[in-house]
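Take a look at the letters that make up each chain.
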Amino acid sequence: MHGYLLSTDAPVVKGKPTLFVFELADTFGEVFKAASSQSKQPDAINFEKEMVIGVALPATNKPPKLSISRVFVQDSTLTVRYIRMTDSAVVKSPLATPIQPTLLIAIPKQTVLKTRLIENGKVMQTLKKDI
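Since this is a predicted model, take the numbers as computed values, not measurements. (Residues numbered from 1 in each chain as written. Predicted model: local features only at pLDDT ≥ 70, side-chain atom pairs only at ≥ 80, totals over all residues. Heavy atoms only, no water.)

(A) Geometry of the sheet that holds strand β7 (residues 102–108). Taken together, the 3 strands give an open sheet; going across it, the order is β2-β4-β7, and neighbouring strands pair in antiparallel fashion. In the strand order of this sheet, the two ends are held by β2 (18–22) and β7, each with one partner. Pairwise comparison of adjacent strand axes, ignoring direction, gives a mean angle of 15 degrees for this sheet. Note: β2 against strand β4 (residues 50–56), 5 bridges, orientation antiparallel. Within β4, the residue paired with Phe20 across the bridge is Gly54. (Pairing = 2+ DSSP bridges. Helix = DSSP H or I, 4+ residues; strand = E, 2+ residues; numbered from the N terminus. Axes fitted to C-alpha atoms, helices over the stretch in contact; angles between N-to-C directions.)

Here it is in structure tokens:
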């Protein structure tokens, strides 16, 4: 998904990737804001049919390349696997100001009790749904 920025007061885990699962527009709007770009509208989200998974990495002036490798549900557990690669062009010439790398994906609404975040094969975080 494109066109959203992480809010400055988002509840992120310091020094580690932070996983977010949004089923409602209100909670999504508390953590992610529409980017103020004149040329492109943010991707529309239909919270009636979709849920949004967000991943926020620690702020850095050498942002990595991120890509989703697999998203699946098994035994009421949603697993989000992504690949984090060093961007050699940015390593050679770091950004002047740090940015907060993020991934946002919309998936069809599911009933999940746990969500696992896996980076390069390693479990980074597990969230349990409050019932």
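(B) How the structure looks around the layout of surface pockets. Estimates place the volume of the largest pocket at around 210 Å³. Around the largest pocket, the lining residues are Val21, Glu23, Val112, Leu113, Lys114, Thr115, Leu127, Lys128, Lys129 and Asp130. Counting residues per element, the ones that place at least two in the lining of the largest pocket are β8 (114–119) and β9 (122–128). (1 Å grid on protein atoms, 1.4 Å probe; cavity = no way out; pocket = protein on both sides within 12 Å on 5 of 7 lines; lining within 4 Å. Points joined across faces, edges and corners; volume = space filled by probe spheres on them.)

(C) Local environment of the pairing of β9. Pairing of β8 with β9 involves 6 bridges; the strand directions are antiparallel. Considered in β9, the bridge of Leu117 is made with Gln125.

(D) Representation of the environment of Thr126. The topology assignment puts Thr126 in strand β9. For Thr126, a relative accessible area of 39% gives the class partly exposed. The sequence separation of Thr126 and Thr115 amounts to 11 residues, and the corresponding C-alpha distance is 5.6 Å. Setting aside chain neighbours within four positions, we find Thr126 in contact with Lys114, Thr115 and Arg116. (Buried < 20%, exposed > 50% of the residue type's maximum accessible area, 1.4 Å probe, protein only. Contact = heavy atoms within 4.5 Å.)

(E) Layout of the packing of aromatic side chains. One pass over the full model with this rule turns up 7 aromatic pairs. A centroid spacing of 5.2 Å and a plane angle of 80 degrees characterise the contact between Tyr4 and Phe28, whose relative ring orientation is edge-to-face. Placement of Tyr4 in strand β1 (residues 4–6) and of Phe28 in helix α1 (residues 25–31) is noted, with a sequence separation of 24 residues between them. Judged by centre distance (6.1 Å) and plane angle (85 degrees), the ring pair of Phe20 and Phe32 falls under edge-to-face. (Phe/Tyr/Trp six-rings, centres within 6.5 Å; stacked < 30°, edge-to-face > 60°.)

(F) Highlighting the side chain of Asp87. Here Asp87 shows up in the loop between β6 (77–85) and α2 (88–92). Here Asp87 is buried and forms no salt bridge, its nearest opposite-charge partner Lys65 lying at an N-O distance of 4.4 Å. Aside from chain neighbours lying at most four places away, what touches Asp87 is Pro63, Pro64 and Lys65. (Lys, Arg positive; Asp, Glu negative; His and termini not counted. Salt bridge = Lys/Arg side-chain N within 4 Å of Asp/Glu carboxyl O.)

(G) Structural detail: the pairing of strand β5 (residues 65–74). Pairing of β5 with β6 involves 9 bridges; the strand directions are antiparallel. Looking at the pairing, Arg70 lines up with Arg81 of β6. The hairpin formed by β5 and β6 contains 2 residues between the paired strands, and Asp75 there has a positive phi angle of roughly 50 degrees.

(H) Spatial organisation of the sheet that holds β5. Taking strand neighbours across the sheet as the criterion, the 4 strands line up as β5-β6-β8-β9 in an open arrangement whose pairing is mixed. Looking at the sheet topology across the chains shown, the edges are occupied by β5 and β9. Taking each pair of neighbouring strands and ignoring which way they run, the sheet shows an average axis angle of 15 degrees. Here β6 runs beside β8; their pairing, made up of 6 bridges, is parallel. Of the residues in β8, the one forming a bridge with Leu78 is Thr115.

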